[in-house]
Protein chains: 2
Amino acid sequence: MNDIHNEEASEESVSPEAALGRVMELSFLMAADMDAGQAKLGLTRARATIMWQLHHSGPTTQRALSDALKVTPRNITGLVDALEGGNFVVRTPHPTDRRAILVKLTDHGAQTAASMETGWHEFAGQLFGHLSGAELEAFLGTLDGVLERLRTVVARSLGA
Amino acid sequence: MNDIHNEEASEESVSPEAALGRVMELSFLMAADMDAGQAKLGLTRARATIMWQLHHSGPTTQRALSDALKVTPRNITGLVDALEGGNFVVRTPHPTDRRAILVKLTDHGAQTAASMETGWHEFAGQLFGHLSGAELEAFLGTLDGVLERLRTVVARSLGA
DNA sequence: CAACATAGTGAATGATATACACAATGAAGA
DNA sequence: TCTTCATTGTGTATATCATTCACTATGTTG
């Protein structure tokens, strides 16, 4: 994985480029930590994402998972195969639609998902728990503005 | 790819969890936009990372690329194979070490890297260019504190 | 020169992701 | 009802990224 966070001597220490560099590094390190946590639970990133979705939405069809994760249905089939092999989920028939399959967490899967939930809150606390209410509010305000701009950039980038 | 950015109704709108959720969304959208830009140049994420490294460090041995990207040497071999096949880089003998190979950008590769550089600055401007100096400074200050904590968390997570 | 370390690659494998084709089922209309 | 069309999931094939292990060629050191 990439790990290149150059801080060019020629760049000012406060600049859009500096902010982008920091955010990239943040993103990289967060992913590394979350991957490590998921691996400790016997999960990969993609599989953990499905677990997270099931944990928050309950039993879900593979089609719905495909929509939620924005990946192809075929990909979901493979990920659910792996999760089923690890006894994290089971496939059950859909009560009304015989084409569809409901994926649901096993007891073991539910326990794993609960650990993920706990880890999520701990992680949030470790990263942002030290901030004062005012500082956190200011940070979120700036972040929301950036996110809004980013969403329009992405929409244009993927739409065009 | 994951695309789950739940904003739980039960969570306060200003909280560590809210911040983590926003940062995750930011990270996801940034990756999507950058992937799209790289694809437009005929590159994937991993290949673009090598291009970026070569652009900023000049001709580099595969071993050094392996260290910089923190991936196995074998992986670098494959990525350089692909970049060589696309005429982005050439392998040249190392002047003093006959075991080693210097990977360097072709003209086409250098032009592509220059486009990446331009895109990077544009992207930074689009995301953060609207912020006042004070707001940017505050944002960076908070971010640096978060990064520092994250680094220790990651070090512990990967060291243990 | 012997012993060890380093640089790169072949072979095998795993995880993620896609496209295409297809069977089974559902839904809507004639 | 029966035909038509859409939807759900999966088999097959392929691409990319990434790893481990084994190996050759070369450098380095005692």
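Residues numbered from 1 in each chain as written. Chains lettered and ligands numbered in written order. Predicted model: local features only at pLDDT ≥ 70, side-chain atom pairs only at ≥ 80, totals over all residues. Heavy atoms only, no water.

## Quick look at the protein's contact with DNA strand C
Heads up, the condition is: Working definition: residue near molecule or strand if any one of its non-hydrogen atoms lies within 4 Å of it. Here a polar contact means two N or O atoms within 3.5 Å. Within protein one must be a hydrogen donor candidate and the other an acceptor candidate, and residues neighboring in sequence count only if both atoms are side-chain atoms. Amino acid classes used here: Ala, Val, Leu, Ile, Met, Phe, Trp, Tyr, Cys and Pro are nonpolar; Asp, Glu, Lys and Arg are charged; the rest, including Gly, are polar.
Around DNA strand C, the surrounding shell holds 23 residues, and the nearest of these are Thr44 of chain A together with Gln62, Arg63, Arg74 and Arg99 of chain B. One of the backbone nitrogen or oxygen atoms of Ile101 of chain B is found 2.8 Å away from a phosphate oxygen of DNA strand C. Along the lines of polarity and charge, the residues of the surface near DNA strand C split into seven nonpolar, seven polar and nine charged.

## Notes on the pattern of salt bridges
Close approach of charged atoms lets side chains of opposite charge pair. Our working definition: Take a side-chain nitrogen of Lys or Arg and a carboxyl oxygen of Asp or Glu: if they are within 4 Å of each other, that pair is a salt bridge. A helix here means a DSSP run of H or I that spans at least four residues, while a strand means a run of E at least two residues long, and both kinds are numbered starting from the N terminus. For the exposure calls, accessible area comes from a 1.4 Å probe over protein chains only, and a residue counts as buried if that area is under 20% of its type's maximum, exposed if over 50%, partly exposed in between.
Taken as a whole and judged by the stated rule, the model has 14 salt bridges over all chains. A salt bridge links Arg151 of chain A to Glu25 of chain B, with the shortest nitrogen-to-oxygen separation between them at 3.1 Å. With one member in each of two chains, Arg151 of chain A in helix H6 (residues 133–159) and Glu25 of chain B in helix H1 (residues 16–40) form a pair that bridges those chains. Note that Asp81 of chain B and Arg91 of chain B form a salt bridge whose closest N and O atoms lie 2.8 Å from each other. In this pair, Asp81 of chain B is assigned in helix H4 (residues 73–85) and Arg91 of chain B in strand S2 (residues 89–93), connecting sequence segments 10 residues apart. Looking at Asp81 of chain B, the relative accessible area reads 40%, which means it is partly exposed. Judged by its relative accessible area of 25%, Arg91 of chain B falls in the partly exposed class. Because the salt bridges share partners, they merge into one network encompassing Asp81, Glu84 and Arg91 of chain A.

## Some points on the domain arrangement of chain A
Going by this rule: Either an automatic procedure or a domain database provided the assignment from which the domain bounds are taken.
We note that the domain assignment places domain 1 (16–129) and domain 2 (131–160) within chain A. With centres defined by C-alpha atoms, the gap from domain 1 of chain A to domain 2 of chain A works out at 24 Å.

## A short note on the relation of the copies chain A and chain B
Rules: Copy-to-copy superposition: least squares on the C-alpha atoms, limited to residues that have pLDDT of at least 70 in both copies. We call two residues contacting when some pair of their heavy atoms lies within 4.5 Å.
The transformation that overlays chain A on chain B combines an axial shift of 0.0 Å with a rotation of 180°, and the residual RMSD is 0.0 Å. Within this description, the copies of the chain are treated as partners about a two-fold rotation axis. Taken together, the interface assignments show that 98% of the residues at the interface of chain A recur at the interface of chain B, consistent with an identical surface on both copies.

## Section: the packing of helix H1 (residues 16–40) of chain A against H1 of chain B
Operational definition: Between N-to-C directions, angles cover 0 to 180 degrees, with each direction set by a line fitted to C-alpha atoms, over the stretch in contact for helices. Comment on the angle field: the value is read as roughly parallel under 35 degrees, roughly antiparallel over 145, roughly perpendicular from 65 to 115, and oblique elsewhere.
Interhelical geometry of H1 of chain A versus H1 of chain B gives an angle of 105° and a closest axis separation of 10 Å. Judged on the interaxial angle alone, H1 of chain B and H1 of chain A are roughly perpendicular. Mapping the contact onto sequence places Leu20, Val23, Met24, Leu26, Ser27, Met30 and Met34 of chain A in H1 of chain A and Leu20, Val23, Met24, Leu26, Ser27, Met30 and Met34 of chain B in H1 of chain B.

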